[in-house]
Every structure is written in structure tokens, then in C-alpha cells.
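Remarks on the overall topology
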Amino acid sequence: MKKCKILCMLLAVVLVLPIFASCTSGKAVAKDVSLKFVIPATEEGGEDDVRFMKAGLTVEGSVDNPPTVLQAVEEALREYEVPYKLTADGASIGEVFGLAQKDSSDAEKGYFQYWECTINGKFSDDGRQSVTNVYDGDEIVFTWTVDSKGRQDTTVPESTDPNADTTGAIPSNTTAETTEE
């Protein structure tokens, strides 16, 4: 009887251990970061317009789901009731302070406006703000960027001949199979 109790106790311990192990992977983590939204001066020697600045922002997550740049920004903007919109894919900030992401082009150039994000003065290797993790002491800076660059796509020639032979000569008297008689 005593052996049965010990065996049952060992079995219960073996069954309960995985539950405790899974609970530790979801352990809460908190990161302290700073956040800033800047609109650069339009004239040389002018002063940048800092629209929003928050130091000591604590962002919480877990070991399995660490805090991200987008999470930090959304928490800060919600806390101060600043209206914002995400991009169509929901992965980054698309509009805040009345400045919205926009792309356009003409025959020669492509024009773009967006909130450019840097962490500690560098661009993220991960790309999207929704997957870029933050760490203690990170300084997240969003800078309003307006720029253009030459188009790199190609245009179709103005006149094309739809009957032009582009495949080369194909003999009309050949078949795929040869038969022997």
C-alpha cells in the first residue's frame, strides 16, 4: 500500500512539472524606453519641431511576446490621447499629428512622406515596427520625412508592333514526334 502511494505521488509530480515549466516561459518583462516625434526644420539653421516626447516609458510584455516599438508608441499615444492611425497592414504608424503617410509619382520621380523610425539612431534590421523588439534604455525617434527619388521602374515603349516576331523562326513543317515506317 505504501509503495502505491509513493508511485501515485511520483506520477502526480511528473504530470504537474510540465505545467510549471510552461508558466515560466510567459514570465512578464518590462522595458524602459524613451519616445520622441520630430518634424525637422524646413529652413537651414531653424529649430526642429518636437511634437511629442516621453522619457521613462515602461512597456510590458512576456518572454514569449517581448515588447515592440509599435506597442510602445501605441501605449504612449493612447495615454496622452493623441489620435493616430496605423498603416494598411497594421505594422507601423501611418498618421499622427495630422501628418499622414503618402506616396505619389510623376513621369520622372517618386515622392513619399512618412514617419521614419530609428532606435538609438539606427534603422531596425527587423523592418516593421510591430516586430522590432525594444530593450531597456532604447531611444525611439520618429522623424517626419518628405523626399523624392528617381523612378526605377521601366516604361513601355511608346509604339509597339503586336505582330513583331520576338521568338525567332519556328519551322512550320516539324512535329513533336517522329514516326518510323
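Use the structure listed above.
Attention here is on the structure that accompanies the text. Note that this is a predicted model, so its numbers are computed, not measured. (Residues numbered from 1 in each chain as written. Predicted model: local features only at pLDDT ≥ 70, side-chain atom pairs only at ≥ 80, totals over all residues. Heavy atoms only, no water.)

**As for the packing of aromatic side chains**
We apply this condition: Pairing of aromatic rings covers Phe, Tyr and the six-membered ring of Trp, with a centre-to-centre limit of 6.5 Å; geometry is then stacked below 30 degrees between planes, edge-to-face above 60, and tilted otherwise. Strands here mean DSSP runs of E at least two residues long; helices mean DSSP runs of H or I at least four residues long; both are numbered from the N terminus. Think of it in three bands: with a 1.4 Å probe and only protein chains considered, a residue is buried below 20% of the maximum accessible area for its type, exposed above 50%, and partly exposed in between.
As enumerated under the stated definition, the model contains 8 aromatic pairs in all. The interplanar angle of 75° and the centroid separation of 6.3 Å between the aromatic rings of phenylalanine 37 and phenylalanine 52 together place this pair among those described as edge-to-face. Of this pair, phenylalanine 37 sits in strand β1 (residues 28-39) while phenylalanine 52 sits in strand β2 (residues 49-62), placing them 15 residues apart in sequence. Accessibility classification places phenylalanine 37 together with phenylalanine 52 in one group, the buried group.

**Some remarks on the pattern of salt bridges**
The test is simple: Take a side-chain nitrogen of Lys or Arg and a carboxyl oxygen of Asp or Glu: if they are within 4 Å of each other, that pair is a salt bridge.
This structure, assessed with the given rule, holds 4 salt bridges. In this structure, arginine 78 engages glutamate 74 in a salt bridge whose closest nitrogen and oxygen atoms are separated by 3.9 Å. Pair noted here: arginine 78 and glutamate 74 are both in helix α2 (residues 69-79), with a separation of 4 residues, about one helical turn. Note that aspartate 89 is salt-bridged to arginine 128, the shortest N-O span being 3.8 Å. With aspartate 89 in the loop between β3 (84-86) and β4 (93-96) and arginine 128 in the loop between β7 (109-119) and β8 (139-150), the pair connects residues that are 39 residues apart, well separated along the chain.

**Observations regarding the pairing of β4**
Definition in use: A pair of strands is labelled paired if DSSP reports no fewer than 2 bridges between them.
Relative to β4, β3 is paired through 3 bridges, and the arrangement is antiparallel. Its bridge partner lying in β4, tyrosine 84 is registered against valine 96. Count of turn residues in the β3/β4 antiparallel hairpin: 6 residues, of which glycine 90 carries a positive phi of about 75°. Sheet topology places β4 next to strand β5 (residues 99-100); 2 bridges connect them, and they run antiparallel. What sits directly across from valine 96, in β5, is leucine 99. Linkage of β4 to β5, two consecutive antiparallel strands, is achieved through a turn of 2 residues, within which phenylalanine 97 is found at a positive phi near 60°.

**Comments concerning α2**
Definition in use: Two residues form a contact once any of their heavy atoms are found within 4.5 Å.
If you check which residues of α2 are buried, you get Val69, Leu70, Ala72, Val73, Glu74, Ala76 and Leu77. In this structure, the buried side of α2 is in contact with β1, β2, β3, β4, β7 and β8. A positive backbone phi angle near 55° is found at glutamate 81, which sits one or two residues after α2.

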